[in-house]
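This is what each chain is made of:
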Amino acid sequence: MPGSLEGRYVRLEVISGKNIQVPSGRIPAGIYISTNVDSRRRWKSTVRVLSSDNSVAWGDIVTLSTDASPRLSLEIRASFELGRMLGNGEVVGKLESSWDDLLDHGDEPFDLSFPPVDNVCPSLTLKAVFVGACGYDDGALFDSIVECEITRRTDAGHAQLADYVAGNGVSHLNDAVEDFQFVLDRCPVGHPDHAAALANIACARLEGYDRKDIEDVDFVIASFHDVIALRPQGHPDHILSLCHLAAVLGLLSIQQGSTTDPCEATRLYRELGTYLRSISAGDNVADHVFLACNALPTIGTDEDIQFRRIVLEFSPLGHHRRPIAFDRLSHALRARFMQRGSIDDLDESIQCCREFVSLAPKGCDNHSGALNTLGLFITERFEYQGKSHDLDEAISLHEEALCLRPVGHESRYSSLNNLGLALRARFGRCSGINDINRAISLYREALTLSPPGHPYRETTLNNLALALKTRHENLHGSEDLDLDEVIDLYRESLRLIQHHRPDRHRNIINLSSALCSRFTETQKNEDVEEAIDLCQESLAVLPPLHPDRHFGYLRLQEAYLSRYRILRNPADLSCAVENFRLASRHPTQGLPQRIIASIDWTVAVEEHDHESALEAYTTFFELLDSHLATRSSTTSRREAAAAFSYARTLPVDAASCALCHHNLPKAVELVEQGRGQQWSLASRLRTPIEDLELASPKLAHSFSEFSKHVSNPAQGSAAITDRAAADQAATEYRRLTEQWEAVVTEIRTTLPGFSQFLLPPSYKDLQAAASHGPVIILIASKYSCAALIVPTSGQPHHVPFSSLALADLEMLKNHFAKAIRHASGMGPKQPRTALRELLRRIWDVVMLPIVKVLHHDLELPHRSRIWLCPTAAFTSIPLHAANPFRKRADRSGMESCLEDLYICSYTPTLSALIRSRQMMKHHASPSFVAIGQGEPGAGQGEALLAVESELELVSKLVPATANPTTLSGPGATRAGALQALQSNTWVHLACHGKQDRGQPYNSHFAMRDQPLTLLDIMENDAPQAEFAFLSACHTAVGDEETPDEVIHLAAGLQFSGFKSVIGTLWVVDDDVARHVVEAFYEEMFKDLKEGDHEMDCTKAASALNHATYVVKKEVPLEQRIVFVHIGV
């Protein structure tokens, strides 16, 4: 720098500032820069509005003499008044710089950094050059350095409040209040600075109230009311004053569950929204107002959300306000979800949060905070809806956020807590010990980061206690647990939460549960009494439709049931049942939680033989049905059902319960309602509507159109990898299902005779399945094993299996599987002794008692049709092949077996049989296709050498009037086979069949290019189809995980439209199967006259019965009984 500074003048241009944050956290009216001109005067820049990206633009210029001081002192200050200023405001940053350093940049702008505020350094962009002479610029503002006591005490109050907010102790708050009170006393009513003085002390006390250091909030509210009265509409500080009052009322809403005056809070949010609409987005004051608005608490009212939408509307794409606008709207929507339980709110909240994540620069605190928040909201959606991909995504987000918050990061405790929540949720789903152990470890680390005095210590205490108790309960006590420690953690957590906090009830409910557990161990009555009182206290403060009332009811039943188990007072059991009922039916809680409550209800009432048992089972079936209906794809429905795998026996347990109560029609209804729910859901969308069209063509059309939309595979969201797109697809699917349900409701309520449309069928409705012969439902429950015979008319018949327990049946099932495997390795002439013994056992214990009822009670003629509807373990046993394998007592021959006496068919459910019969109305000219694939594509199995000869055989046996065609070799592709299934009424399939036990909807027939899966078949709507012969392995056996859903290839073909299907229970030997195939088709078409076009698929069961009889000498036992008939 040339020459001496003496007698020189410097023109200083204050261009802009960035990263400006007010230490106290107050929203400033504006920001200005000040510097001393000489020993008597101070220069102040123009007060400019702080933008929501924490930047300020000035462009102010001042000329300074270097003789006044060897160094330049600069201050950044926040003013809390746009109008007349009280004091000098709060210091944001203060810095001294030598003239040499300032002038070392020539004529170029340069940045000057100040000490950090909240770990971020404010900075000014300046320009400093020499000028020839002194002259003050137009518009410059000069104040005297000599200040009055009011100014000094006001500035001191701001400084003390900033120190308090920085965590330097409550004494600084007390000093700030004392300074501001001094100023207020000297600025009485009528004084021009009275409003500013009142606002200062009110803001200080509000900060103390928020941090639990001041209890009285009434003074704060009254003060802001007075401030608004002194700053009416049109006053430059009117809107900021409104924001102050809205802030305190919003804080009260969060901390006490309701505002002091909800009408006033509503009015304030509405008034602020109206004001925002009145200003231009480019208005100089806009950023100041938006900054204040975004700082307001999110309270989740309709007005709050509308207000946030307006803020977002005025934050267009690319605007710096847009990220925080999405964040605040997201929190407001989530707050309303927590109060009302509307999944639409939570979905939109997550959508907004995704936008915030995408807009927050990676690596900054906003980004890690956005990830943490998004993960929390998605975890909450998992708990409400139970979708596993939500949980996977939530854990991934929390892991990422935690990596961005290493040891020492001020928000690490939050990520530790939220990751722990997600891991605990996954433990609840998957029972992985590593998840719950890690969650506990995370909570313990979070507790070390939340020492006494930390504002969120109570949250971590509650989380840790809950995780410890969860691990103990789910691992059946294998982990040592000191319940006293858990209870102490809960009590400390409650002690730290203010009594009016709206979320306090959660900690109360958790403490209640821990007290119940200790009561069960120690039987100290005071524990259960306190538990009951605590639950009633939590319910008393919650509105009638608050989602968390569900948990209050659930813990209250736990307390009553715990006491009943010890004291055996029937009143306690009645209270427990009533709270089970309330918890299961609470409409604003998510369906998974309500389903779990209903399952626990069934267990409790079975244990204690309570009269509400049938109601409990019915409630479970209704809730599970509603839950599965929310899933947009077949596979996601199965996944949703599998999440309650421990409840898979409830259909048969319900039927057993009804049998115990001697209510046989109810037993039929319950087993039907509980079994095959996934088929039932899919079938509703293909319900025949001929009768509906006659009653109301308009509603029939609406129902048909919405059914198509809802069943459209493209609606599924599970396969979409982009989670935001998947969320949108799920929301759209929910909208469609709501419209579909509205049409169904209109049909039930407006059309005579349709009040039960698509509701679970009554016994009278179900009896239609027995119109051509009795249906025998075989119940396999841990409570009892029995058969229910549904006759063509009259009441059901109960056939108890008194000598057969479920464990015996499971053993029989396993022995059958072993015997079949063993037989497959034997020579054709070797005796199947083990298999014969098992079939004799089934005859003696199961089928003989049934046959006696059919013969003596129903007087059913020999060779009549009967249908078997097995459940649970019965589905894996070849019931149709039951055989005494004994000579008659008179030595005149062998005793008759089941297939000698009756023509046996199977049906997955009664409704499936009824539906197939209803679809018999659709009759088309017969067309027969034989599909074979002996050389399947890679990975689908070895070559099948007998396929081509089997196809030739079938072609010769099928009459020409059926227009038989063959699809084989290169033409037998997935697409080709699908087309053939769609366009033909009769089908013969010869190929590899594979039952996928892990994911049964992936079960398939092997084709040349790709597998033809069960899902493909289900999506193939073929109402004209009649008959299918599946000459392939494993086509009529379901998966062991959900046997009562009967998910297999034969059932899929029946669902798609084929009324009569022949399938297989295990591996088929190609060389011997052709004997059965030949005998079957010869019998099937033997009476068909030349030129006769009438091919009757209802003869298939009789033809199969005949075929398996006539091939006894050529075909081993296990290969004769492998074939079963399903359908009409």
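Structural notes, computed from the coordinates. (Residues numbered from 1 in each chain as written. Predicted model: local features only at pLDDT ≥ 70, side-chain atom pairs only at ≥ 80, totals over all residues. Heavy atoms only, no water.)

1. A look at the pattern of salt bridges
Stage number 1. According to the stated counting rule, one finds 54 salt bridges in the structure shown.
Stage number 2. Linking Arg334 and Glu380 is a salt bridge whose minimum nitrogen-to-oxygen distance equals 2.4 Å. Linking Arg334 in helix α10 (residues 322-340) with Glu380 in helix α12 (residues 365-385), this pair joins segments that are 46 residues apart in sequence.
Stage number 3. A residue is classified by how much of its surface remains accessible, and Glu380, at 11% relative accessible area, is buried.
Stage number 4. The residue Glu445 makes a salt bridge to Arg412 at a minimum N-O spacing of 2.7 Å. (Salt bridge = Lys/Arg side-chain N within 4 Å of Asp/Glu carboxyl O. Helix = DSSP H or I, 4+ residues; strand = E, 2+ residues; numbered from the N terminus. Buried < 20%, exposed > 50% of the residue type's maximum accessible area, 1.4 Å probe, protein only.)

2. Describing the sheet that holds strand β18 (residues 993-994)
Stage number 1. Overall, antiparallel pairing links the 3 strands, which are arranged β18-β19-β20 in an open sheet. With partners counted over all chains shown, the strands left at the sheet margins are β18 and β20 (1012-1013), one partner each.
Stage number 2. As paired elements, strand β19 (residues 1004-1005) and β20 share 2 bridges and run antiparallel to each other. Note that in β20 the partner of Phe1005 across the bridge is Leu1012. (Pairing = 2+ DSSP bridges.)

3. Comments concerning unusual backbone geometry
Stage number 1. Positive phi is not limited to glycine here, since Arg863 has a value of about 70°.
Stage number 2. With respect to the element layout, Arg863 can be found in the loop between α33 (833-857) and β13 (864-870).
Stage number 3. Of the residues examined, Arg863 reaches a relative accessible area of 40% and is grouped as partly exposed.
Stage number 4. Non-glycine residue Asn963 carries a positive phi angle of around 50°.
Stage number 5. Topologically, Asn963 is positioned in the loop between α36 (947-957) and β16 (965-967).
Stage number 6. With relative accessibility at 48%, the residue Asn963 sits in the partly exposed group.

4. Focus: helix α39 (residues 1049-1056)
Stage number 1. Of all 8 residues in α39, 8 are buried; the element is thus mostly enclosed.
Stage number 2. Buried residues of α39: Leu1049, Ala1050, Ala1051, Gly1052, Leu1053, Gln1054, Phe1055 and Ser1056, and no others.
Stage number 3. One or two positions beyond α39, positive phi appears at Gly1057, with a value near 140°.

Any functional reading would require information beyond the geometric quantities listed.
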